[in-house]
Amino acid sequence: MAKRYWNINLEEMMEAGVHFGHGTRKWNPRMAAYISAKRKGIHITNLTRTARFLSEACDLVFDAASRGKQFLIVGTKNKAADLVARAAIRARCHYVNKKWLGGMLTNWYTTETRLHKFRDLRTEQKTGRLNRLTKRDAAVLKRQLSHLQTYLGGIKYMTGLPDIVIIIDQQEEYTALRECITLGIPTISLIDTNCDPDLADISIPANDDAIASIRLILNKLVFAICEGHSSYIQNP
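Computed from a predicted structure; not experimentally measured. (Residues numbered from 1 in each chain as written. Predicted model: local features only at pLDDT ≥ 70, side-chain atom pairs only at ≥ 80, totals over all residues. Heavy atoms only, no water.)

Peer 1: Help me out: how do you make sense of the overall build of the protein in this one?
Peer 2: When helices and strands are counted, the protein shows seven helices and eight strands. Against the compact-globule benchmark of 18 Å for 236 residues, the protein has a radius of gyration of 19 Å, which places it among compact chains. Seen through its C-alpha atoms, the protein measures out along the principal axes to roughly 65 × 45 × 30 Å. Every one of the 236 residues in the protein was classed for burial, and the buried ones make up 50%. Of all intrachain contacts in the protein linking residues separated by at least 6 positions in sequence, the fraction that spans at least 24 positions is 64%. Computing the positive centroid from 34 side-chain charges and the negative centroid from 23, the protein places the two 6 Å apart. (Helix = DSSP H or I, 4+ residues; strand = E, 2+ residues; numbered from the N terminus. Rg over C-alpha atoms; globule rule 2.2 N^0.38 Å. Buried < 20%, exposed > 50% of the residue type's maximum accessible area, 1.4 Å probe, protein only. Contact = heavy atoms within 4.5 Å. Lys, Arg positive; Asp, Glu negative; His and termini not counted. Charge placed at Lys NZ, Arg CZ, Asp CG, Glu CD.)

Here it is in structure tokens:
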């Protein structure tokens, strides 16, 4: 695996509030090793460990991207949704940022069927075929298209299971994480002080509620993916 310097700066992470965890009453004891202090009733994450695991995650995604592997980024809560979409588009990754539909990966046949329907409806809309239907029939299909766009728009070009899944907020995306574990898909998960650090393949302890924290973590991973893609294009 390639070892590179990803410019992960502790001061930068502090400015983004990466170190702020949940209240001390709302924590998972398994996170004890990743917590450095308590301050005003809030757990403080050990940023040295955060930097270490974030660096490992960057190495992993760089290596995977340099070999043409496919990524899926999952983050559906309001604070993460737009950041996830922008990051995924920038890194040419698939993404889910509205709602995780149960069985999206473990029942891939059904997901693939929905994706085929989605692509067919998009083609019919682009060619103007929907406009040639009765108003009632067109309205039904347009509603279907809108629904599919909302929930599957970020994976419309996904033709098989992803090679690596990046999860923003393990608690929120627990169903997605369990599906990855079931299928043996490697995961990178952003975890706050209320999470179990032993579930994902690489857990990055960080504030999963602050937009600045989520943006910083995603930016580091996306940069590494883009660097990996560049390496793959130059040396296919």
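Peer 1: Mind showing me how you'd approach helix α4 (residues 108-126) here?
Peer 2: An α-helix turns once every 3.6 residues. As a result, residues three or four positions apart point the same way. Its 19 residues give α4 an end-to-end C-alpha distance of 27 Å, which sits within 8% of 27 Å, the value for a rise of 1.5 Å per residue. Within α4, the full set of buried residues consists of W108, T111, L115, F118, L121 and R122. Taken around the axis of α4, the buried residues stretch over an arc of 145 degrees, which confines them to a single face. If you follow the buried residues of α4, they end up packed against α5 (135-152). (Expected span 1.5 Å × (residues − 1). Arc of directions from axis to C-beta.)

Peer 1: Looking at this model, I keep getting lost on the packing of α4 against α5. Mind explaining?
Peer 2: Two elements in contact, α4 and α5, have axes whose closest approach is 10 Å; the angle formed by their N-to-C orientations is 125 degrees. Between α4 and α5, the angle is such that the two are oblique. Between α4 and α5 lies a crossing whose hand is left-handed. Side by side, α4 and α5 meet where R114, L115, K117, F118, L121, R122, E124 and Q125 of the first sit next to L141, Q144, L145, L148, Q149 and L152 of the second. Of the residues in the contact of α4 with α5, the class split is seven nonpolar, three polar and four charged. (Axes fitted to C-alpha atoms, helices over the stretch in contact; angles between N-to-C directions. Parallel < 35°, antiparallel > 145°, perpendicular 65-115°, else oblique. Left-handed = near helix turned anticlockwise from the far one by under 90°. Nonpolar A, V, L, I, M, F, W, Y, C, P; charged D, E, K, R; others polar.)

Peer 1: Can you walk me through the sheet that holds strand β3 (residues 42-45) in this structure?
Peer 2: Pairing between sheet strands relies on hydrogen bonds along the backbone, with the strands arranged either parallel or antiparallel. Ordered in space as β1-β3-β2, the three strands form an open sheet in which the pairing is antiparallel. The sheet terminates laterally at β1 (20-23) and β2 (35-39), the two strands that pair on one side only. Each strand of the sheet is rotated relative to its neighbour by a mean of 30 degrees, with strand direction disregarded. Taken together, the two bridges between β1 and β3 define a ladder with antiparallel strand orientation. Pairing of F20 across the sheet is with I44, part of β3. (Pairing = 2+ DSSP bridges.)

Peer 1: Can you walk me through the pattern of salt bridges in this structure?
Peer 2: Side chains that differ in sign of charge can pair as their charged atoms come close. Scanning the model with the defined rule gives nine salt bridges in all. The shortest N-O distance in the salt bridge between K77 and D208 comes to 3.8 Å. A residue pair is termed long-range when its members are at least 10 positions apart, and K77 in the loop between β4 (71-74) and α3 (78-91) and D208 in the loop between β8 (202-205) and α7 (211-234) qualify at 131 residues. Take D208: its relative accessible area is 2%, and that puts it in the buried class. The closest approach of N and O atoms between D209 and K77, which form a salt bridge, is 3.2 Å. Within this pair, whereas D209 is found in the loop between β8 and α7, its partner K77 is found in the loop between β4 and α3, the two being separated by 132 residues in sequence. Residues joined in a network through salt bridges with shared partners are K77, D169, D208 and D209. (Salt bridge = Lys/Arg side-chain N within 4 Å of Asp/Glu carboxyl O.)

Peer 1: Help me out: how do you make sense of the domain arrangement of the protein in this one?
Peer 2: Size of an interface: often given as the accessible area lost when the parts come together. Taken as a whole, the protein is organised into domain 1 (18-105 + 161-230) and domain 2 (108-153). Between the C-alpha centres of domain 1 and domain 2 there is a distance of 32 Å. At the junction of the two partners, domain 1 supplies seven residues and domain 2 supplies six residues. Taking both sides of the interface into account, the surface hidden between domain 1 and domain 2 amounts to around 670 Å²; carbon and sulfur atoms contribute 63%. On the domain 1 side of the contact with domain 2, K98, L101 and M104 bury the most area, a combined 54% of that side's loss. Counting across the interface, domain 1 meets domain 2 through zero salt bridges. Inspection of the domain 1/domain 2 interface yields two residue pairs in polar contact (both at pLDDT 80 or more). The residue makeup of the side of domain 1 that touches domain 2, split by class, is four nonpolar, one polar and two charged. (Domains from an automatic or database assignment. Buried area = accessible area lost by both parts, 1.4 Å probe. Polar contact = N/O pair within 3.5 Å; in protein donor to acceptor, adjacent residues only side chain to side chain.)

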